Amino acid sequence: MSSQAEERTAEDSRPREGGDRAQYGVCAFLALLGAAVIVDALGIPHVTSGIDPVGPRAVPLILGGLLILLAVLYAVDVARGGRGEPEAGEDVDLSQGSDWRTVLLLIGVFLANALLIERLGWVISGALLFWGTAFALGNRHYIRNLLIAVTLSLTTFYAFAIGLGVNLPAGVLQGIL
């Protein structure tokens, strides 16, 4: 290894002073989220009873406070030079750019599901969602994926209806399911 490469490696491993603006952005987001949770919780009427002596405001207030505390601790860590460890996944090639085709296909599949779920119903739109996601991620076993997608959407439809008592939209299959 050349001395120049060693110098770069040593430089990369040292924490940067002041951290990264993106990390501070995450800190700000966490703090704003915590503040929003607290403000929203303060709008909940403070009603206690013998069954619930704490009331419904306690948990959101605690969570909001913890979010703000986490934001402060994270900001202190970033200011001290703390950095997350780079991705070391074996299936991730960090030298490659983002695969925008896949990302756009997935966005399209989710949007199509959101637009079609009321008209077609969960079973059909869910099957399209599952099949389209498999397609976007590179699986090209069209018939097998369609069978799996229909099975998954029917299973989730009946699991919600029977198991949870939540009726998903039946759409064009109303009266058949």
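Residues numbered from 1 in each chain as written. Predicted model: local features only at pLDDT ≥ 70, side-chain atom pairs only at ≥ 80, totals over all residues. Heavy atoms only, no water.

Trainee: Is there a simple way to explain a nonpolar patch on the surface in this structure?
Mentor: A surface patch of nonpolar side chains, amounting to about 580 Å² of accessible area, comprises Val59, Ile62, Leu63, Leu66, Leu69 and Leu73. Residue classification places Leu69 among the partly exposed residues on the basis of a relative accessible area of 46%. (Patch = residues over 30% accessible without salt bridge, like charges linked within 9 Å, V, L, I, M, F, W, Y side chains within 5 Å. Areas by Shrake-Rupley, 256 points an atom, 1.4 Å probe, with all protein chains shown as cover. Salt bridge = Lys/Arg side-chain N within 4 Å of Asp/Glu carboxyl O. Buried < 20%, exposed > 50% of the residue type's maximum accessible area, 1.4 Å probe, protein only.)

Trainee: Hey, could you run me through the nonpolar core in this one?
Mentor: Soluble, globular proteins show a tendency: their nonpolar side chains are buried together. Counting seven residues, the largest nonpolar core consists of Val109, Ile117, Trp122, Val123, Leu129, Phe157 and Ala170. Looking at this core, the elements with two or more residues in it are helix H4 (100-120) and helix H5 (122-136). Residue contributions to this core peak at three residues, all from H5. Ignoring anything within four residues of it in the chain, the contact list for Ile117 reads Trp122, Ser125 and Pro169. (Core = buried A, V, L, I, M, F, W, Y, C linked by side-chain atoms within 4.5 Å. Helix = DSSP H or I, 4+ residues; strand = E, 2+ residues; numbered from the N terminus. Contact = heavy atoms within 4.5 Å.)

Trainee: Please explain the packing of aromatic side chains as it appears in this structure.
Mentor: The geometry of an aromatic ring pair is captured by the separation of the ring centres together with the interplanar angle, meaning the angle of the planes. Applying the stated criterion across every chain yields a total of five aromatic pairs. With a centroid separation of 6.2 Å and 40 degrees between ring planes, the pair formed by Trp131 and Tyr142 is classed as tilted. Here Trp131 is found in helix H5, whereas its partner Tyr142 is found in helix H6 (residues 142-164), with 11 residues between them in sequence. Judged by its relative accessible area of 27%, Trp131 falls in the partly exposed class. Relative to Tyr142, the ring of Phe135 has its centre 6.3 Å away and its plane inclined at 35 degrees; by these criteria the two rings are tilted. Among the residues examined, Tyr142 registers a relative accessible area of 41% and is labelled partly exposed. Three or more aromatic residues link up through ring pairs in this structure, and these residues are Trp131, Phe135 and Tyr142. (Phe/Tyr/Trp six-rings, centres within 6.5 Å; stacked < 30°, edge-to-face > 60°.)

Trainee: Quick question: what am I supposed to make of the packing of H5 against H6 here?
Mentor: Two packed helices can be described by the angle between their axes and the distance between those axes. Contact geometry of H5 with H6 gives a least axis separation of 8 Å together with a crossing angle of 135 degrees. Accordingly, the angle class assigned to the pair H5 and H6 is oblique. With respect to the hand of their crossing, H5 and H6 are arranged in right-handed fashion. Within the contact between the two elements, H5 uses Trp122, Val123, Gly126, Ala127, Phe130, Trp131, Ala134 and Phe135 and H6 uses Tyr142, Asn145, Leu146, Ala149, Val150, Leu152, Ser153, Leu154, Thr156 and Phe157. Of the residues contributing to the contact of H5 with H6, the split by class is 14 nonpolar, four polar and no charged. (Axes fitted to C-alpha atoms, helices over the stretch in contact; angles between N-to-C directions. Parallel < 35°, antiparallel > 145°, perpendicular 65-115°, else oblique. Left-handed = near helix turned anticlockwise from the far one by under 90°. Nonpolar A, V, L, I, M, F, W, Y, C, P; charged D, E, K, R; others polar.)

Structural measurements only, silent on function.
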